[in-house]
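# Understanding the architecture of this molecule
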Amino acid sequence: MPPMDTTLRHWLVDHPLVSSFEWIPGRTFGASPQFLAAAVLSYLALTLLLRRLLLPPPEKPLLDPSLFRSISALHNFLLLLLSAVMAAGCSLSAAAVLPTPRHLFCFPSPTPSRGPLFFWAYVFYLSKLLEFLDTFLILLNPGGQRRRLTFLHVYHHATVVVMCYLWLAAAQSLFPVALVTNASVHTVMYGYYFLCSVGRPPRWKRLVTDVQIVQFVFSFAVSVALLWCQFVDPVAGGCSGMKAWVFNAGFNASLLALFVNFHSKSYGSSKKDVKEKAK
């Protein structure tokens, strides 16, 4: 029986489907600005339509509560499993194909969008389309919790798809670090959601928000290495996909601000109440 690391490398790095992947604009599924625009606009339109139709909540829920719980549990479990596989696949691919640690932060320009690293970026991109279902499950929740749909949630889901598209279209430097970090965080997040959907809500709800904030802070910390490679210790052509990275950095900054605000509103008041009771 082959060692576990050999088996994982075969399926997650060396398998022909993974190793021979190539992002070809107009030919690969989803590899066009038209597809991207249609996906994001359809998501926003359907979200707005459902919110308008379901507020106030109808007397009879559109989904039976038991059916809703089953769909929600399956959705969360699939994304939990997929997030863990993407984190492992991208990590193993980076270790296998990147010639130096510098390449982890800075792809030489030009870099073609092909090979196992870009395969996992593509899976990650498609997974963000699957995550649109998060929003629709909130809106269709027969438990009357539709009002917890926030601007942060919709903004994040709509814009992250654009970010992932740019990773592939521009062969953006630093995306392997971002992918592994985000997929790891989503493993925690969807683990929490799965336990909630099967009626076993854990006590670490706050951790889900905390790790997302840490993720964005970490993204700025590792960006220092990219900027060093680009401006302080450059090579011919610079780092690949710098314009896409600027978009990525701006998006992360906006999410950090929104998550900090959400954290303050969600957990700041509880701390204040505890202090008041202690007086």
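Residues numbered from 1 in each chain as written. Predicted model: local features only at pLDDT ≥ 70, side-chain atom pairs only at ≥ 80, totals over all residues. Heavy atoms only, no water.

What follows deals with the packing of aromatic side chains. In total, this model carries 23 aromatic pairs according to the counting rule given. Summarising the aromatic geometry, the rings of Tyr43 and Phe136 are spaced 6.0 Å apart at their centres and angled 55° between planes, so their arrangement reads as tilted. With Tyr43 in helix 3 (residues 33-54) and Phe136 in helix 7 (residues 132-140), this residue pair connects regions lying 93 residues apart in the sequence. Each of the two residues, Tyr43 as well as Phe136, counts as buried. (Phe/Tyr/Trp six-rings, centres within 6.5 Å; stacked < 30°, edge-to-face > 60°. Helix = DSSP H or I, 4+ residues; strand = E, 2+ residues; numbered from the N terminus. Buried < 20%, exposed > 50% of the residue type's maximum accessible area, 1.4 Å probe, protein only.)

A few words on the nonpolar core. Judged by nonpolar contacts, the single largest core of 51 residues is most densely connected at Trp23, Trp120, Tyr125, Leu168, Phe175 and Leu179. When residues in this core are grouped by element, the largest group, 10 residues, is from helix 8 (residues 151-169). Beyond its immediate sequence surroundings of up to four residues, Phe175 is in contact with Phe107, Leu117, Phe118, Ala121 and Trp167. Counting residues in each nonpolar core, the second largest holds 10 residues, with Cys106, Cys229, Met242 and Ala249 among its members. (Core = buried A, V, L, I, M, F, W, Y, C linked by side-chain atoms within 4.5 Å. Contact = heavy atoms within 4.5 Å.)

What UniProt calls "transmembrane region" (unreviewed entry) maps, in this numbering, to residues 35-55, 76-98, 118-140, 149-168, 174-195, 207-228 and 244-262. This span, residues 76-98, is 96% helix and 0% strand, and a straight line between its end C-alpha atoms measures 32 Å. Here residues 118-140 is 96% helix and 0% strand, with 34 Å between the C-alpha atoms at its ends. (UniProt positions renumbered as here; feature names shortened; annotations may be inferred.)

We now examine the state of the cysteines. The tally for this structure, following the rule as stated, stands at 1 disulfide. Between the sulfur of Cys106 and that of Cys239 lies a disulfide, 2.0 Å long from S to S. Handedness of the Cys106-Cys239 disulfide follows from its S-S torsion of about -110°: it is left-handed. With Cys106 in the loop between helix 5 (102-105) and helix 6 (116-130) and Cys239 in the loop between helix 10 (205-232) and helix 11 (242-278), this residue pair connects regions lying 133 residues apart in the sequence. A residue is classified by how much of its surface remains accessible, and Cys106, at 3% relative accessible area, is buried. Cys239 gets classed as buried once you look at its relative accessible area, which sits at 5%. For Cys229, which is in no disulfide, the shortest distance to another cysteine sulfur is to Cys106 and amounts to 4.9 Å. Judged by relative accessible area, Cys229 falls into the buried class, the value being 7%. (Disulfide = S-S within 2.5 Å.)

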